[in-house]
Amino acid sequence: MSESYLTTPIYYINAQPHIGHAYTTMLTDAIARSRRLMGDHVFFLTGTDEHGQKVDRAAQKANLPTSVFADQVSAAFRQMCRDLKISNDDFIRTSEPRHYAAAQEIWRRVERAGDIYKGEYEGWYCTVDEIFIPEAQLVDAKCPTCGSKVERLKEESYYFRLSKYEKPLLDFYRNHPDFIQPEFRLNEVRTFVEAGLQDLSISRTSFTWGIPVPDDSRHVMYVWFDALTNYLTALGFGSGEAAADERLARLWPTVTHFIGKEIVRQHALYWPAFLMSAGIPVPHRIVAHGFWLMGGAKMSKSLGNVARYQDYVGVFGLDALRYFVMREMPLGQDASFSDEAILTRFNADLANDLGNLVSRAITMVHRYRGGRVPASPVESRDTLDSDLVAATAASIESVKAGFAAIQISQALQDTWALIRLVNKYIVERAPWVLAKDRANDEKVDRTLYHAADTLRVIAALVDPVMPDAATRIRAMLGIDGAESWTSLQVGTLTAGAQLRPVEALFPRIEKTIEELRGMTTPNEPTPAAPATPATPAQPAAGTPAAATPVAAGPVAAAAPATDSRISIDEFMKVELRVAKVLEAEAVPKSKKLVKLKVDVGTEQRTIVAGIAEAYPPDQLVGRTIVIVANLKPAKLMGIESNGMVLAASPEGGLPNLVSVDPSLPAGSRVR
Ligand code: MSP
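Note that the structure is predicted; figures quoted are calculated from it, not measured.

1. A word on the overall build of the protein chain
Here is step 1: Looking only at helices and strands, the protein chain features 20 helices and 26 strands.
Here is step 2: With the C-alpha coordinates of the protein chain rotated into their principal frame, the extents come out at 105 × 70 × 40 Å.
Here is step 3: Across the 671 residues that make up the protein chain, the buried fraction comes to 54%.
Here is step 4: Restricting to contacts in the protein chain with at least 6 residues of sequence separation, those with at least 24 account for 76%.
Here is step 5: As presented, the protein chain carries roughly 28,100 Å² of accessible surface, and 52% of it is formed by carbon and sulfur atoms.

Below, the structure written as structure tokens:
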């Protein structure tokens with residue numbers, strides 16, 4: 001079994017988590033899940049970076065003792081992990097005793113190597129980024145990275161002999177060209193090192209919120225020296241425990257640090273240099289992603305343009321948020337986070353492509369084969385079947401390769417190409433037409449089998465990104481538990497298996513951006529106290545395929561008195577739904593009325609309709625019709641009618657039933 005140690009940055013707790021933090025955590029989680037599916041033993045670490053001047057000042061501003069403030073905001077990051085279903089194995093806080101031990105141990109080792117000396121630091125410091133900045137690098141007297149105002153420091157400080165590692169670092173980069181992904185980021189670091197390295201100040205005396213320097217507690221460690229060590233702490237480094245050595249030996253050589261591109265220098269330069277000095281191997285890999293932009297600028301607390309992950313989970317559901325960010329941001333590039341983009345992807349990719357496939361594939365097996373998966377013997381397959389089988393097998397390989405290369409956006413594009421292909425296969429086959437003639441039974445069997453089996457494969461492929469959707473699809477297919485990627489192949493869905501009822505995965509969202517905006521609060525500063533997640537908008541399992549309005553939007557402007565037009569909200573009060581006619585019988589003593597028993601997805605009900613002159617009862621059974629589902633009951637010829645059938649009636653002519661594609665599941669909303 002391969003080992004895989006994966007880490008996110010540990011997040012500063014000066015402010016509440018936002019989409020930026022959520023992203024790195026979800027990215028690392030998707031990779032962790034994919035590796036577990038590949039049979040790896042994964043150890044996944046995330047946590048909070050709690051020391052330093054920035055946090056200290058944020059606590060003062062909140063009028064709280066720093067440790068109390070730290071507990072509160074760290075808890076919000078821990079809550080984020082729960083809200084986003086992050087599968088981390090550990091959550092580290094740099095204020096924990098285990099971390100003090102590790103940071104002090106690494107300090108001692110570096111000191112023993114002769115790489116620490118005392119001096120005085122006089123120069124500029126950016127508290128937002130917690131970095132020292134040489135004067136020549138200032139831009140308009142501001143931080144070149146974040147544009148914040150810098151502060152002048154003059155204090156006694158311990159220094160790390162970073163300059164000594166110029167050549168070892170350059171040698172290391174040369175021998176490990178794939179140390180950073182994407183590779184071009186390595187060039188940036190290399191250029192920086194080639195320009196010459198100055199020794200680095202690694203302690204502060206002007207505040208006390210940090211880890212004391214061993215044997216000189218007037219100094220606290222520079223927050224980055226302390227923070228980077230967290231990756232070793234979690235494996236037991238510095239604990240003195242016998243088990244720690246085994247864990248370190250097993251996991252440390254496999255470590256991949258997932259980070260945002262703004263902290264590449266700390267991870268690819270300082271961290272390897274500290275480790276080289278301490279006699280510990282340099283990390284295996286660094287994966288640096290781009291920024292989420294909001295209104296064209298990096299989403300960040302200091303700019304005040306952050307989006308709360310809770311709002312998007314509340315409106316679109318967790319899987320949709322996870323899907324959107326993974327699909328929208330190719331590794332290494334920046335991407336814009338916008339309500340429009342997420343709504344478009346939701347309706348196009350999730351509600352339409354994937355949602356339709358799920359509802360068609362499952363519903364057809366219920367409708368035409370009583371919910372039992374038919375067989376598709378290899379020898380009876382035709383080209384259309386074989387092409388789909390071959391494309392599915394190829395997709396399994398390309399998606400696995402995409403995840404292995406941390407190209408999740410590409411892997412999702414490949415998965416969606418397959419989803420569109422199965423949808424096309426179903427439309428080309430048109431089982432609803434074939435099913436009219438028993439002579440086509442075998443072809444219908446094959447079609448239903450391949451639709452359902454490919455859906456099973458798709459559920460497995462989306463599992464790392466959308467674990468809940470994958471589980472729900474598998475539940476409909478009657479499969480318990482995740483499917484391992486090591487044995488994932490086409491054609492393993494068992495013929496004869498009983499499917500469960502279809503449920504709507506991603507009901508289409510019909511709200512406008514303006515209405516959705518009323519439900520999210522981008523650009524608002526986040527509160528200091530941990531936020532509670534909004535109530536998910538996803539309907540409970542088993543609700544019909546309706547586009548559930550996600551929440552009350554703003555009140556529509558009142559129409560002028562002379563205007564007889566209705567607002568969308570008024571129209572939406574009429575619940576039009578797809579129904580299947582199960583039984584039909586003439587109403588005695590009535591020429592016009594027929595009594596129908598219809599399936600509306602969640603229940604069966606009786607409707608009395610005035611269509612008998614146009615449709616004899618036996619022509620009605622099996623039809624897919626549209627009804628008004630929320631009409632008050634009425635008695636017609638002594639029979640209670642629960643709804644109304646929609647039909648178009650030309651002046652003086654017979655009614656003509658409104659029809660929809662018969663593959664639509666009963667209960668689908670019509671609007
Ligand atoms: N505490 C340091 C990291 C120490 S690691 C030993 C830190 N913390 S942070 O709270 O500022 O988090 C920075 C990380 O959050 C980024 O590297 C990135 O992973 C994530 N992001 C924060 N804002 C982001 C965007 N706007 N876009 C994408 N990711 C962002 O730096």
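Okay, back to it.
2. A few points about the site of the ligand
Here is step 1: Lining the immediate surroundings of the ligand are 24 residues, of which Ile10, Thr24, Asp49, Trp292 and Met299 lie closest.
Here is step 2: Within the backbone of Ile10, a nitrogen or oxygen atom sits 2.8 Å from a nitrogen atom of the ligand.
Here is step 3: Within the backbone of Trp292, a nitrogen or oxygen atom sits 2.8 Å from a nitrogen atom of the ligand.
Here is step 4: Contact with the protein chains removes 95% of the 670 Å² of surface that the ligand exposes when unbound.
Here is step 5: Counting residues per element, the ones that place at least two in the shell around the ligand are strand S1 (3-12), helix H1 (19-37), helix H7 (223-228) and helix H8 (230-233).
Here is step 6: For the shell around the ligand, the element with the highest residue contribution is S1, accounting for four residues.
Here is step 7: Split into classes, the residues belonging to the shell around the ligand amount to twelve nonpolar, nine polar and three charged.

3. Thoughts on the sheet that holds strand S9 (residues 203-204)
Here is step 1: Pairing within the open sheet is antiparallel, and its three strands lie in the order S9-S11-S10. Looking at strand neighbours, the two that pair on one side only are S9 and strand S10 (212-213), the edges of this open sheet.
Here is step 2: Relative to strand S11 (residues 216-221), S10 is paired through two bridges, and the arrangement is antiparallel. Each bridged residue has a counterpart across the sheet, and for Val213 the counterpart in S11 is Asp216.

4. Describing the environment of Ala103
Here is step 1: Note that Ala103 resides in helix H4 (residues 97-112).
Here is step 2: Look at Ala103 and you get buried, because its relative accessible area is 0%.
Here is step 3: Considered as a pair, Ala103 and Pro214 are 111 residues apart in the sequence and their alpha carbons are 9.5 Å apart.

5. Description of the nonpolar core
Here is step 1: Within the largest apolar cluster, 113 residues are counted, with the highest numbers of intra-cluster contacts made by Leu84, Phe316, Leu321, Phe337 and Met466.
Here is step 2: For this core, the leading source of residues is helix H13 (residues 339-369), giving 14 residues.
Here is step 3: Each residue touching Met466, except ones within four places of it in the same chain, is listed here: Asp319, Tyr323, Leu350, Leu354, Trp416 and Phe506.
Here is step 4: In terms of nonpolar packing, the next biggest core, distinct from the first, is built from 72 residues, Leu138, Leu169, Val213 and Ala268 among them.

6. Here we look at the pattern of salt bridges
Here is step 1: Evaluation of the coordinates by the stated rule reveals 49 salt bridges.
Here is step 2: Its salt-bridge partner being Asp353, residue Arg420 comes within 3.0 Å of it at the nearest N-O pair. Within this pair, whereas Arg420 is found in helix H15 (residues 408-429), its partner Asp353 is found in helix H13, the two being separated by 67 residues in sequence.
Here is step 3: Taking relative accessible area as the criterion, Asp353 reaches 12% and is therefore assigned buried.
Here is step 4: Among the salt bridges present, the one from Glu603 reaches Arg605, with a minimum N-O distance of 3.2 Å.
Here is step 5: Classification of Glu603 as partly exposed rests on a relative accessible area of 36%.
Here is step 6: Ionic contacts of the salt-bridge type, sharing partners, join the residues Glu328, Arg345, Asp349, Asp353 and Arg420 into one network.

7. Describing the packing of aromatic side chains
Here is step 1: Following the criterion strictly, the structure yields 28 aromatic pairs and no others.
Here is step 2: A connected cluster of aromatic rings, assembled from ring pairs, spans Tyr23, Trp292, Tyr312, Phe316, Phe324, Phe337, Phe346 and Phe506.
Here is step 3: The side chain of Arg204 reaches across the aromatic face of Tyr125, ending 4.7 Å from its centre.
Here is step 4: It is Lys298 that lies over the ring of Phe291; its NZ or CZ is 4.5 Å from the centre.

8. Details of the state of the cysteines
Here is step 1: Summed over all chains, the structure comprises zero disulfides.
Here is step 2: For the unlinked cysteine Cys146, the closest cysteine sulfur is that of Cys126, found at 3.7 Å.

9. Some remarks on the confidence of the model for the protein chain
Here is step 1: The predicted model of the protein chain has a mean per-residue pLDDT of 90, with 92% of residues at 70 or higher.
Here is step 2: With pLDDT under 50 throughout, residues 522-562 is counted as low confidence; its partners more than four residues away or in other chains account for 81 contacts.

10. Describing unusual backbone geometry
Here is step 1: Residue Pro182 is reached from Gln181 by a cis peptide bond, and omega for that bond is -5°.
Here is step 2: The residue Ile406 is not glycine, and still its phi comes out positive at about 55°.
Here is step 3: Among the secondary structure elements, Ile406 is positioned in the loop between helix H14 (383-404) and H15.
Here is step 4: At Ala430, a position not held by glycine, the phi torsion is positive, near 45°.
Here is step 5: The buried category is assigned to Ala430, whose relative accessible area is 13%.

11. Overview of helix H5 (residues 166-175)
Here is step 1: For H5, the set of buried residues is Leu169, Leu170, Phe172 and Tyr173. Looking straight down H5, one finds that the buried residues subtend no more than 160° of arc, so they occupy a single side. Looking at H5, the residues exposed on the side facing more than 90 degrees away from the buried face are Lys167, Arg174 and Asn175.
Here is step 2: Those residues of H5 that are buried are in contact with helix H6 (184-194) and helix H10 (264-278).

12. Quick look at the packing of H13 against H15
Helices that pack against each other are described as a pair by the angle of their axes relative to one another and the distance between those axes.
Here is step 1: Direction vectors running N to C along H13 and H15 enclose 45°, while the axes themselves pass 10 Å from each other. Taken together, the axes of H13 and H15 lie oblique to each other. Considering how the two elements wind past one another, H13 and H15 form a crossing that is left-handed. Contacts from Asp349, Leu350, Asp353, Leu354, Asn356, Leu357, Arg360 and Met364 of H13 reach H15 at Trp416, Ile419, Arg420, Val422, Asn423, Ile426 and Val427.
Here is step 2: Split by residue class, the contact of H13 with H15 holds nine nonpolar, two polar and four charged.

Rules used in this analysis
Residues numbered from 1 in each chain as written. Predicted model: local features only at pLDDT ≥ 70, side-chain atom pairs only at ≥ 80, totals over all residues. Heavy atoms only, no water. Helix = DSSP H or I, 4+ residues; strand = E, 2+ residues; numbered from the N terminus. Buried < 20%, exposed > 50% of the residue type's maximum accessible area, 1.4 Å probe, protein only. Contact = heavy atoms within 4.5 Å. Areas by Shrake-Rupley, 256 points an atom, 1.4 Å probe, with all protein chains shown as cover. Near = heavy atom within 4 Å. Polar contact = N/O pair within 3.5 Å; in protein donor to acceptor, adjacent residues only side chain to side chain. Nonpolar A, V, L, I, M, F, W, Y, C, P; charged D, E, K, R; others polar. Pairing = 2+ DSSP bridges. Core = buried A, V, L, I, M, F, W, Y, C linked by side-chain atoms within 4.5 Å. Salt bridge = Lys/Arg side-chain N within 4 Å of Asp/Glu carboxyl O. Phe/Tyr/Trp six-rings, centres within 6.5 Å; stacked < 30°, edge-to-face > 60°. Lys NZ or Arg CZ within 6 Å of the ring centre and 35° of its normal. Disulfide = S-S within 2.5 Å. pLDDT = per-residue confidence, 0-100. Arc of directions from axis to C-beta. Axes fitted to C-alpha atoms, helices over the stretch in contact; angles between N-to-C directions. Parallel < 35°, antiparallel > 145°, perpendicular 65-115°, else oblique. Left-handed = near helix turned anticlockwise from the far one by under 90°.

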